[in-house]
Amino acid sequence: MLTIGICGGGVGGLTAALALIKSGHKVEIFERSKHFGRIGADINLTPNAVHALDGLGIGNTLRQTAAKPEYRISRTWDTGEETSRLEMQGDRYDAPQLTIHRADLVSALCGALPDGALHFGASIAGVEHLEDGARILFEGCRSKDFDLVIGADGIHSVVRNTLFGKDDPKFTGLVSYRAVFAREKAKDIPNLDSFTKWWGPNSDLQLVVFPLLRGDEVFVFATTPQENWSEEGWTLPGDIEKLRDTYADFHPEVLELLNCCTEVTCSALHVREPMEAWSKGNITILGDAAHPMVPFMAQGATMAIEDGVVLSLALANATTKTVPAALDVYEGARRDRTARVQRGSLANNWLKRPENADWVYAYKAWDALLSV
Ligand SMILES: Cc1cc2nc3c(=O)[nH]c(=O)nc-3n(C[C@H](O)[C@H](O)[C@H](O)COP(=O)(O)OP(=O)(O)OC[C@H]3O[C@@H](n4cnc5c(N)ncnc54)[C@H](O)[C@@H]3O)c2cc1C
């Protein structure tokens, strides 16, 4: 059994914690927020994510509040022509696609943790290597030692910066808008039981719509170009009129969707290049700390979830001495796949036309091939 300290209690950190506890390790998670609020709206969990989460025993809880999009559809911005359609609730994959409020996913993950594993209000300032272990340094001079430390602290990861040097993510020139409204407001709009991406005249413009909360709510995501982003904070109130103006030439169904939105939030989209290594000594990183990506394949959280499961498999029989070798195995199993998804997300053409989506959706983290 290893003692493991996880920096960051997002989707990646919480999944890794549950998977590592299942492997027999003793885990503590340190999250800087004082509590989790109902922020961040949506998460689209494709079958590869749901399969991984089912293996942690939280699938039934997720299915109680999630919606189950029937199809994943692509349509053209002005004509409305359908250019691809993939069935998401059939038996092609061993799990369905679920779309869920991020807060409901986080709550399901937290609900499965043992008491005392998650510490709120614990802001990490850095990490240090120890002989056969690692130390977490908290804001305010406190520290704690572990056999292994995992940085799951997101795109601005302190752990990543401490291990590999500071390297700011790049602003893509795109801002994303998000809104949720009651399904009953949009009774006459078809296809709201599916995940639909409307592809714009260029890659700066796209609108995605899918059901949330057992289908009682509708989620809308759209992007607009912007020269720079200097605003403090991640998610800010957005200007719905500006969004409607930008999409004014789109198909009438899109205009109706935007008319149903009253409040929107906006946040900047950032990227990094894939990294060559994620670990040093008895410290590693996962999720957005290791491979942040633009959300155009809706795989960022899903990759973090897969990372957590595969990391737990690689560490199943590890001792303090064999942790670095186990981390090599973890990286070996994850780096190529996450880099491919990072690059595919940036290319922004996923399922615009019919293609075989199995390399993404049929992946089973619990069956990952582990080799040295
Ligand atoms: C607009 C948008 C839409 C998206 N849609 C999807 C989608 O549909 N499906 C999907 O799979 N992904 C989606 N993603 C991506 C997804 O949100 C991220 O990839 C995912 O949240 C990464 O999880 P994580 O746990 O690695 O990082 P995070 O979710 O960022 O969690 C990091 C955690 O660490 C904490 N933390 C940070 N610094 C410190 C510190 N110093 N000390 C202590 N704690 C700290 C933070 O408070 C946070 O709780 C989307 C992203 C965006 C921007």
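Here the structure is shown first, and the text comes after it.
As the structure is a computational prediction, the values presented were derived from the model and not from experiment. (Residues numbered from 1 in each chain as written. Predicted model: local features only at pLDDT ≥ 70, side-chain atom pairs only at ≥ 80, totals over all residues. Heavy atoms only, no water.)

(A) Local environment of the overall build of the protein chain. Secondary structure summary: the protein chain contains 10 helices and 18 strands in total. In terms of overall dimensions, the protein chain is globule-like: its C-alpha atoms have a radius of gyration of 20 Å, near the 21 Å expected for 372 residues. For the protein chain, the spread of C-alpha atoms along the three principal axes comes to 65 × 45 × 35 Å. Taking contacts inside the protein chain between residues at least 6 apart in sequence as the whole, the part at least 24 apart equals 73%. (Helix = DSSP H or I, 4+ residues; strand = E, 2+ residues; numbered from the N terminus. Rg over C-alpha atoms; globule rule 2.2 N^0.38 Å. Contact = heavy atoms within 4.5 Å.)

(B) Region of the structure containing the pairing of strand E13 (residues 195-199). With five of its five residues buried, E13 lies for the most part within the structure. Of the two faces of E13, the one lined by Phe195, Lys197 and Trp199 and the one lined by Thr196 and Trp198 are each fully buried. Examined bridge by bridge, strand E4 (residues 71-76) and E13 share five bridges and lie parallel to one another. Counterpart to Thr76 in the pairing with E13 is Trp199. Of the strand pairs in this sheet, E13 and strand E14 (residues 206-212) are connected by four bridges, and their pairing is antiparallel. Following the sheet pairing, Trp199 is matched in E14 by Gln206. From the end of E13 to the start of E14, which pair antiparallel, there are six residues. (Buried < 20%, exposed > 50% of the residue type's maximum accessible area, 1.4 Å probe, protein only. Pairing = 2+ DSSP bridges.)

(C) Up close: the site of the ligand. Surveying the vicinity of the ligand reveals 32 residues, the closest of which are Gly12, Glu31, Arg102, Ile124 and Asp288. In the model, an oxygen atom of the ligand is placed 2.7 Å from a nitrogen or oxygen of the Asp288 side chain. Ala301 has a polar backbone atom sitting 2.9 Å from an oxygen atom of the ligand. Against a free-state accessible area of 990 Å², the protein chains account for coverage of 87% of the ligand. (Near = heavy atom within 4 Å. Polar contact = N/O pair within 3.5 Å; in protein donor to acceptor, adjacent residues only side chain to side chain. Areas by Shrake-Rupley, 256 points an atom, 1.4 Å probe, with all protein chains shown as cover.)

(D) Fine view of the state of the cysteines. Inspection of every chain in the model, using the stated rule, returns zero disulfides. Looking at the unpaired Cys7, the closest cysteine sulfur is the one in Cys110, lying at 16 Å. The exposure class assigned to Cys7 is buried, which follows from its relative accessible area of 1%. Here Cys141 is not disulfide-linked; the sulfur of Cys7 is the nearest cysteine sulfur, at 17 Å. Note on Cys141: relative accessible area 80%, which makes it exposed. (Disulfide = S-S within 2.5 Å.)

(E) Quick peek at the sheet that holds strand E11 (residues 148-151). Sheet architecture is open: five strands sit in the order E7-E2-E1-E11-E18, paired in parallel fashion. In the strand order of this sheet, the two ends are held by strand E7 (118-119) and strand E18 (283-285), each with one partner.

(F) Highlighting unusual backbone geometry. At Asp132, a position not held by glycine, the phi torsion is positive, near 60°. For Asp132, the position within the fold is in the loop between strand E8 (124-130) and strand E9 (133-138). Look at Ala298: it is not a glycine, yet its phi comes out positive at around 50°. Note on placement: Ala298 falls in the loop between E18 and helix H8 (300-314).

(G) Seen up close, the nonpolar core. Core analysis: the biggest nonpolar cluster contains 70 residues, and Ile6, Leu45, Leu53, Leu62, Leu105 and Leu315 have the highest contact counts within it. Looking at which element gives the most residues to this core, the answer is helix H1 (residues 11-22), with seven residues. Ranked by size, the runner-up nonpolar core spans 28 residues in total, among them Phe181, Leu192, Val264 and Cys266. (Core = buried A, V, L, I, M, F, W, Y, C linked by side-chain atoms within 4.5 Å.)

(H) Representation of the pattern of salt bridges. All told, the structure shown has 19 salt bridges when counted by the stated rule. For Asp358, the salt bridge goes to Arg92, with nearest N and O atoms at 2.9 Å. Here Asp358 is found in helix H10 (residues 358-361), whereas its partner Arg92 is found in the loop between strand E5 (82-87) and strand E6 (98-101), with 266 residues between them in sequence. By relative accessible area, which is 24% here, Asp358 ends up partly exposed. Accessibility expressed as a relative area gives 51% for Arg92, which makes it exposed. With its nearest N and O atoms 2.5 Å apart, the salt bridge here joins Asp132 to Lys321. Taken together, the positions of Asp132 in the loop between E8 and E9 and Lys321 in the loop between H8 and helix H9 (323-347) put the pair 189 residues apart, joining distant regions of the chain. Judged by relative accessible area, which is 29%, Asp132 ranks as partly exposed. Residues joined by salt bridges that share partners form a network here, namely Glu306, Asp307, Arg334 and Arg337. (Salt bridge = Lys/Arg side-chain N within 4 Å of Asp/Glu carboxyl O.)

(I) Expanded view of the packing of aromatic side chains. One pass over the full model with this rule turns up 11 aromatic pairs. Their ring planes at 85° and their centres at 5.9 Å tell us that Tyr93 and Tyr361 sit as a pair that is edge-to-face. Pair noted here: Tyr93 is in the loop between E5 and E6 and Tyr361 is in helix H10, with a separation of 268 residues, a long-range link. Of the two residues examined, Tyr93 and Tyr361, each falls in the buried class. The structure contains a cluster of three or more aromatic residues connected by ring pairs, namely Tyr93, Trp350, Trp359 and Tyr361. (Phe/Tyr/Trp six-rings, centres within 6.5 Å; stacked < 30°, edge-to-face > 60°.)

(J) Local environment of the sheet that holds E5. If you walk across this open sheet you meet the eight strands as E5-E4-E13-E14-E15-E12-E17-E16, and the pairing is mixed. If you trace the sheet from one side to the other, it starts and ends with E5 and strand E16 (236-237), each paired once. Two elements, E14 and strand E15 (residues 217-225), share six bridges in a ladder whose sense is antiparallel. Following the sheet pairing, Phe210 is matched in E15 by Phe219. In the packing of helix H7 (residues 252-260) onto the sheet, contacts are made with E4, strand E12 (170-182), E13, E14 and E15, and the angle to E14 comes to roughly 60°. (Axes fitted to C-alpha atoms, helices over the stretch in contact; angles between N-to-C directions.)

Nothing here speaks to function; it is geometry throughout.
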